[in-house]
Amino acid sequence: MPGDIGPGEALAPAWREYWMRGRSSAGFVIGLAVTALLVAVALVSLVWTPYQVDVMDIPVKLQAPSAAHWLGTDQFGRDVLSRLMAGAVNSIAVSLVAVGIGAGLGVPLGALAAARRGIIEEVVMRFNDFTFAFPALLSAVMITAILGPGAVNSIIAIGIFNIPVFARLTRGASLSLWQRDFVLAARVAGKGRTRITAEHILPNIASLLIVQMTIQFALAILAEAGLSYLGLGTQPPAPSWGKMLNEAQTLMYLAPQLAIFPGLAIMGTVLGLNLLGDGLRDLLDPRLRRLR
Amino acid sequence: MTLLSVRDLCVTLETPEGPAPILEDVGFDLAAGGSLGLVGESGCGKSMTALAVMGLLPERAVATGEIVFEGCNLLALPEGALCKLRGRRLAMVFQEPMTALNPVKTIGAQVAEGLRWHLGLGRGEAEARAVKLLDRVGVPRPRFAPGLYPHQLSGGQRQRVVIAMALACDPALLIADEPTTALDVTSQAAILDLLAEVAAEAGLALLLITHDLAVVWQNTRSMIVMYAGRVVERGGTHEVFARMAHPYSRGLFAASPGALDAVLPPGRRLAAIPGLVPDPLHRPAGCVFAGRCPRAAADCLPAQPAERRLAPGHAVACLHPHLEATPA
Amino acid sequence: MAVFLLQRLAAFIVTLLVASLVVFLVMEVLPGDPAALMLGVSARPDTLAALRSEMGLDLPAAQRYLLWLGGLVSGDLGTSYTYGVPVWELVRERIGLSLPLALIAICLSTLIAIPLGVLAAARHNKPADVGVMGFTQLGVAVPNFWFAILLILVFAVHWQVLPAGGFAGWDAGFWPALKTLLLPAVALALPQAAILARVTRSSVLETLGEDYVRTARAKGLTRRAALWRHALRNALIPVVTIMGLQFSFLLAGTIIIENVFYLPGLGRLIFQAIAQRDLIVVKDLVILLAASVVAVNFIVDLLYAVLDPRLRGGGHAG
Ligand SMILES: Nc1ncnc2c1ncn2[C@@H]1O[C@H](COP(=O)(O)OP(=O)(O)OP(=O)(O)O)[C@@H](O)[C@H]1O
Ligand code: SF4
Ligand SMILES: [Mg+2]
């Protein structure tokens, strides 16, 4: 919800205070820990994984978890743990860039719609309504079909359907701010709309945007996994969680464990990000803060 | 005969900053068929007192003391027994008629609901009685069909429907919490007349909450003045108006706009009380009014002033009350 | 009310027109010549040209758009390039799978979510509430295709009580067909149920704080009676909105879930059509899906009027 945010409240966030209160919320702590763990694992995998990610070792294929291979091996004898670690990099990279595209284009569009109103707002909002009639995944499937499958194209596809989300949120939150006294005062003082947007509007909706980005990041992880599962995202042999699940499905009778770990990785990541987003919302949303 | 007797009522609300004492040692009596006015600034705990009597305090609130109604202590009653009393013997009219009615149910059904719930009437009979009630409170058929929805009525008409709901099961006590604050001036007078009329007609006791002193003057036989969760003055309405013994009461009377000109001659009114009500978490140890009181002295600060009887039935919680009559 | 309906209807048509234009333009960009695809790489140029003109591919884009649009309106969806049969027939075959699947999933998620949400709200901050919220957190985080795979692992591989995939067809009888749709429907319903339960919970919590609920309690209604008789119907208004919006996610879910279970439904059809550059099928299906999403939200608007008398019109009395 577009929060009712006063001036200065977000301009001078009391980070220390947030941190003190954040520590007392279990969901926030778990979310932060899981997210930090994920990022750490991804970073580690860039320099070290237990086995080489793409090296096949057919004699040890489809092994159950053991001391040598903690999470077992796949149909080519590749170490599942190593591939999961490398898959984290893939998921994070795709989602990060996709959400970046969505926010990078959506926020300016939404801010523009709120600042200019009139025809620009109409066009932006009608376009928004229209994208809501299309299932996001269907658009993504169409886009990857046009551009061809691959990680970069799935980034674009996911990024595109993030644009309206941010445009809508930014517009909604900014509109109420434009009516507030401190913005009116700035207008009376003769500041331009762009300057007011930069100095007063955006800083005040920053916390809202951060929360939404966390949530969209989680959705992007899910979308990337879905596209890869369908064979439209990251292409083999590059490891990706969705693709691993797709391969595991055909081996379900032989090695059911292969279908467990990538799913757990996706679920854990999304759960962690959602908890983090909810926790951040509780911390940053002044409206909720007052209710407590 | 005493219908309602409140003794040492304390209500504490759990807040993140700790328990906040909302009401402290509130006490009053109301005779069957009598009328009591409850006045005080916004936030002094008038609504909380009413909700405590109804047993509808917020979940985070804890109430201690005694609320004896028709011989039994409501605070000791289980929820199930309270439900049997609410709407049946005890009824309440709320401040906000615009939101007090369910927007998706017809007014007829909402008035009939209590009859069906408490008296077990069938739908037809309950609705027939509801039509009569609506007629009585001035929302008559055919202009106002019982099949109307609340959004099709004005604020004053809605408040009449709420009153009809409250009267439905012939309660012994009607609590009206600022029933006219949200209405325009003409509806205000009409609604108050209606309340006084129906109360007299049905012989029910009226607990009238308001911050309009003229309303108290015209509609109640006795009154209490509350400040920061405490009763500071109580007595017959005429006695209290004649004396205004507590410095806060005097301040309040002076702050009350035009309506009191009939009672208080112009030019003899005190200035509005400067300062703010102490918030429940930071109330002083001594007299709660000391910070704003023009008569405050050193002895007011160490402890709460005890209640002092000025005349039969007239008491004031102040060490230095005005003993002379209201300047006239 | 009539004005309201007409407005909605006009918006409905405009949205579909815009959608058709966008889809058409997007398909124009899509690489690959359908005629070449049909004839294969070794086709002679003159045969190719003949086929292109027979398929109308050599006409100007605007004309092709209008022809297609006219076809849509008159119920002629064209002929699939790859299957060589009218698109309408393909749709009819598969809608018998996809529509029941979607309906079962919606019913399941509603039946799970609304009671859970009401329960959580009624027991706010109590163990039941915490439990329901935990379930919804999990439900939102689980990728539905993984949940589907887990269902297959448990019910098809381990216990072997339900099939792992494929569709028996309604000709095989009601139960056998239903059995093949059960796991897919559950997989589709879970994330929807999680979201819906959360919305229901917060909506009921919000309405429980409304003045009219307090009025109902002042009448003597128990907490439970006030919730069922007064709060619930008001609380359902936003829930219905979310259900309408969810329909679009449900369709997206079908694309992936039908792939997991190898179900020959509309989702799989569109997925394959895109892969095979069967443009006419893609165009038609996307418009159909968009139309169904818009239509569902139209129905939601009507439901509003049923739930909320304020929208039914009828002015002030007296
Ligand atoms: N839900 C709540 N949470 C926290 N504090 C509350 C709540 N409800 C009431 N209070 C506090 O309890 C005190 C008494 O409130 P109450 O509503 O009884 O005042 P009132 O005398 O009825 O005022 P008004 O004339 O404005 O209706 C106030 O100080 C208020 O801040
Ligand atoms: S006790 Fe003292 S401070 Fe309190 S009202 Fe009386 S005179 Fe004023
Ligand atoms: Mg009040």
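Please read these numbers as outputs of a predicted model, since none were measured by experiment. Each chain has its residues counted from 1, following the order in which its sequence is written. Both sets of labels track the order of writing: A upward for chains, 1 upward for ligands. Local features in a predicted model are, by the rule used here, given only for residues with pLDDT of at least 70; side-chain atom pairs are given and counted only at 80 or more, and totals for whole chains, interfaces and linings are based on all residues. For the side-chain quantities, the full set of heavy atoms in the structure was used; hydrogens and water were omitted.

1. Describing the overall build of chain A
Comment: elements are numbered from the N terminus, with helices defined as DSSP H or I runs of at least four residues and strands as E runs of at least two. When helices and strands are counted, chain A shows 11 helices and 0 strands. When the helices and strands of chain A are listed from N to C terminus, the series reads α-α-α-α-α-α-α-α-α-α-α. Only heavy atoms enter the contact rule, under which two residues are in contact if any of them lie within 4.5 Å. Across chain A, every contact between residues at least 6 apart in sequence was considered, and the portion connecting residues at least 24 apart equals 71%. A 1.4 Å probe and the Shrake-Rupley method give the accessible areas. Residues count as covered only by the protein chains that appear here. Summing over all exposed atoms, chain A offers an accessible surface of approximately 12800 Å²; the carbon and sulfur share of this is 70%.

2. A word on the overall build of chain C
From N to C terminus, chain C includes 12 helices and 0 strands. In chain C, the succession of α and β elements from N to C terminus is α-α-α-α-α-α-α-α-α-α-α-α. Summarising its shape, the C-alpha atoms of chain C cover approximately 85 × 65 × 35 Å along the three principal directions. For the exposure calls, accessible area comes from a 1.4 Å probe over protein chains only, and a residue counts as buried if that area is under 20% of its type's maximum, exposed if over 50%, partly exposed in between. Across the 318 residues of chain C, 48% fall into the buried class. By sequence separation, contacts in chain C at least 24 residues apart represent 72% of the contacts at least 6 residues apart. With 23 positive and 18 negative side-chain charges, chain C shows a separation of 17 Å between the mean positions of the two kinds. Under the convention used here, Asp and Glu are negative, Lys and Arg are positive, and both His and the chain ends fall outside the count. Each charge is placed at NZ for Lys, CZ for Arg, CG for Asp and CD for Glu.

3. Comments concerning the site of ligand 2
What makes a residue near a molecule or strand is one non-hydrogen atom of that residue sitting within 4 Å of it. Looking at ligand 2, there are 13 residues lining it, with Cys287, Cys293, Cys300, Cys318 and Leu319 of chain B nearest. Its residues placed into classes, the shell around ligand 2 shows 10 nonpolar, 2 polar and 1 charged. Residue polarity is assigned by list, with Asp, Glu, Lys and Arg as charged and Ala, Val, Leu, Ile, Met, Phe, Trp, Tyr, Cys and Pro as nonpolar; anything else, Gly included, falls into the polar class.

4. Examining the site of ligand 1
Residues and elements named next belong to chain B. Taken together, 15 residues are adjacent to ligand 1, and Ser42, Gly43, Ser47, Met48 and Glu178 come closest. Polar contacts, as counted here, are pairs of nitrogen or oxygen atoms within 3.5 Å of one another; within protein the pair requires one atom able to donate a hydrogen and one able to accept it, and residues that are adjacent in sequence qualify only if both atoms are side-chain atoms. Cys44 is positioned with one of its backbone polar atoms (N or O) 3.3 Å from an oxygen atom of ligand 1. Separating an oxygen atom of ligand 1 from a side-chain N or O atom of Glu178 is a distance of 2.8 Å. Alone, ligand 1 offers 640 Å² of accessible surface; in the complex the protein occludes 66% of this. Per-class residue counts for the shell around ligand 1 are 5 nonpolar, 6 polar and 4 charged.

5. Quick word on the interface of chain B and chain C
In this assembly, 32 residues from chain B lie in contact with 27 residues from chain C. The term buried area refers to how much accessible surface (probe radius 1.4 Å) is lost by two components on association, counted for both of them together. Between chain B and chain C the total buried area reaches about 2700 Å² when both faces are included, carbon and sulfur atoms providing 57% of it. The working definition used for a salt bridge is a side-chain nitrogen of Lys or Arg within 4 Å of a carboxyl oxygen of Asp or Glu. Where chain B meets chain C, there are 3 salt bridges. Across the contact surface, chain B and chain C share 14 residue pairs in polar contact (both at pLDDT 80 or more). With 5 residues, the single largest contributor to the side of chain B that touches chain C is helix 4 (residues 107-119) of chain B. Counted by class, the side of chain B that touches chain C contains 16 nonpolar, 9 polar and 7 charged residues.

6. A short note on a nonpolar patch on the surface
Only residues whose relative accessible area exceeds 30% and that take part in no salt bridge are eligible for patches, with like-charged residues grouped when within 9 Å of each other and nonpolar side chains (Val, Leu, Ile, Met, Phe, Trp, Tyr) grouped when within 5 Å. Nonpolar side chains collect at one region of the surface, where Val39, Leu43, Val44, Leu46, Val47 and Trp48 of chain A lie side by side and expose about 630 Å² of accessible area between them. By secondary structure assignment, the location of Leu43 of chain A is in helix 2 (residues 26-47).

7. Let's talk about the interface of chain A and chain C
Counting residues at the interface gives 33 residues for chain A, matched by 42 residues for chain C. Carbon and sulfur atoms supply 82% of the area buried between chain A and chain C, which totals about 3300 Å² over both sides. With its nearest N and O atoms 3.6 Å apart, the salt bridge here joins Arg198 of chain C to Asp278 of chain A. The interface formed by chain A and chain C contains 3 residue pairs in polar contact (both at pLDDT 80 or more).

8. A word on the environment of Pro176 of chain C
Residues and elements named next belong to chain C. Tracing the backbone through its elements, the reader meets Pro176 in helix 8 (residues 174-208). The partly exposed category is assigned to Pro176, whose relative accessible area is 37%. Distance in space between the C-alpha atoms of Pro176 and Leu227 is 41 Å, their sequence separation being 51 residues.

9. Points about the pattern of salt bridges
Summed over the entire model, instances satisfying the criterion amount to 25 salt bridges over all chains. For the salt bridge of Lys219 of chain C with Glu113 of chain B, the shortest nitrogen-to-oxygen distance reads 2.7 Å. Taken as a pair, Lys219 of chain C in the loop between helix 9 (211-218) and helix 10 (223-260) and Glu113 of chain B in helix 4 lie in two separate chains rather than in one. Across the pair, exposure class does not vary: Lys219 of chain C and Glu113 of chain B are buried alike. In this structure, a network of salt bridges that share partners links the residues Asp54, Asp74, Arg78 and Arg83 of chain A.

10. Considerations on the sheet that holds strand 3 (residues 35-39) of chain B
All names here are of chain B. In this scheme, strands are said to pair when DSSP sees at least two bridges between them. Strand order in this open sheet of 8 strands is 6-7-8-3-9-10-12-11, and the pairing throughout is mixed. Edge positions in the open sheet fall to strand 6 (90-93) and strand 11 (308-311), since each of these has one partner strand only. Neighbour-to-neighbour, the strand axes of this sheet turn through a mean angle of 20°, independent of strand direction. Direction of pairing for strand 10 (residues 230-236) relative to strand 12 (residues 314-316): antiparallel, over a ladder of 2 bridges. Across the sheet, the residue bridging to Arg234 is Ala315, located in strand 12. Throughout, an axis means a line fitted to C-alpha atoms (over the contacting stretch in the case of helices), and angles, computed between N-to-C directions, take values from 0 to 180 degrees. Seen against the sheet, helix 1 (residues 46-54) touches strand 3, strand 6, strand 7 (173-177), strand 8 (205-209) and strand 9 (222-227) and runs at an angle of roughly 150° to strand 6. The strands touched by helix 6 (residues 155-167) within the sheet are strand 6 and strand 7, with strand 6 carrying the most contacts at an inclination of about 175°.

11. With respect to the sheet that holds strand 4 (residues 61-69) of chain B
Residues and elements named next belong to chain B. Here we have 4 strands laid out as an open sheet, ordered 2-1-4-5, and antiparallel in their pairing. At either end of the open sheet lies a strand with only one pairing partner, and these are strand 2 (18-31) and strand 5 (72-73). Here strand 4 pairs with strand 5 via 2 bridges, running antiparallel. Bridging from a neighbouring strand, Phe69 pairs with Cys72 of strand 5.

12. Some thoughts on the domain arrangement of chain C
The start and end points of each domain follow an automatic or database-based domain assignment. For chain C, the assigned domains read domain 1 (2-74) and domain 2 (90-275). Using only C-alpha atoms to locate each centre, domain 1 of chain C and domain 2 of chain C end up separated by 35 Å.

13. Overview of helix 6 of chain B
A helix's residues, less one, multiplied by 1.5 Å, set its expected span. If you check helix 6 of chain B, its first and last C-alpha atoms are 18 Å apart, about what 13 residues at 1.5 Å a residue would give, namely 18 Å. Counting buried positions over the 13 residues of helix 6 of chain B gives 13, a clear majority of the element.

14. As for the pairing of strand 3 of chain B
All names here are of chain B. For strand 3, the buried fraction is high: 5 of the 5 residues fall into the buried class. Of the two faces of strand 3, the one lined by Ser35, Gly37 and Val39 and the one lined by Leu36 and Leu38 are each fully buried. Judged from the 4 bridges that link them, strand 3 and strand 8 form a sheet pairing that is parallel. From the neighbouring strand, Leu38 faces strand 8, where its bridge partner is Ile209. Here strand 3 pairs with strand 9 via 4 bridges, running parallel. Counterpart to Leu36 in the pairing with strand 9 is Ser222.

15. Remarks on the side chain of Gln212 of chain A
Mapped onto the secondary structure, Gln212 of chain A falls in helix 8 (residues 193-229). For Gln212 of chain A, the residues in contact, after removing those within four places along its chain, are Val165, Phe166 and Leu169 of chain A.

16. Side note on the state of the cysteines
Pairs of cysteine sulfur atoms within 2.5 Å are identified as disulfides in what follows. Counted under the stated rule, the structure contains 0 disulfides over all chains. In this structure Cys83 of chain B is a free cysteine whose sulfur lies 13 Å from that of Cys169 of chain B, the closest cysteine sulfur available.

17. Some remarks on the side chain of Thr136 of chain C
All names here are of chain C. In this fold, Thr136 is placed in helix 6 (residues 127-141). Residue classification places Thr136 among the buried residues on the basis of a relative accessible area of 0%. Contact partners of Thr136, with chain neighbours within four places excluded, come to Ala194, Ala197 and Arg198.

18. Some thoughts on helix 6 of chain C
With 15 residues, helix 6 of chain C ought to run about 21 Å at 1.5 Å a step, and its terminal C-alpha atoms sit 21 Å apart, in line with that. The complete set of buried residues in helix 6 of chain C reads Asp129, Val132, Thr136, Gln137, Gly139, Val140 and Ala141 of chain C. Close packing links the buried residues of helix 6 of chain C with helix 8 and helix 10 (261-284) of chain A together with helix 5 (87-122) and helix 8 of chain C.

19. Examining the packing of helix 1 (residues 2-29) of chain C against helix 4 (residues 61-73) of chain C
All names here are of chain C. Packing of helix 1 against helix 4 brings their axes to within 11 Å, and their N-to-C directions diverge by 130°. Compared by their axis directions, helix 1 and helix 4 come out oblique. For the pair helix 1 and helix 4, the crossing hand works out as right-handed. Contacts between helix 1 and helix 4 pair Leu17, Ser20, Leu21, Phe24 and Glu28 from the former with Ala61, Arg64, Tyr65, Trp68 and Leu69 from the latter. In terms of residue class, the contact of helix 1 with helix 4 is built from 7 nonpolar, 1 polar and 2 charged. In these notes the angle categories are as follows: under 35 degrees is roughly parallel, over 145 is roughly antiparallel, 65 to 115 is roughly perpendicular, and the rest is oblique. Crossings are classed by handedness, with left-handed meaning an anticlockwise turn of the near helix from the far one by less than a right angle and right-handed meaning a clockwise turn.

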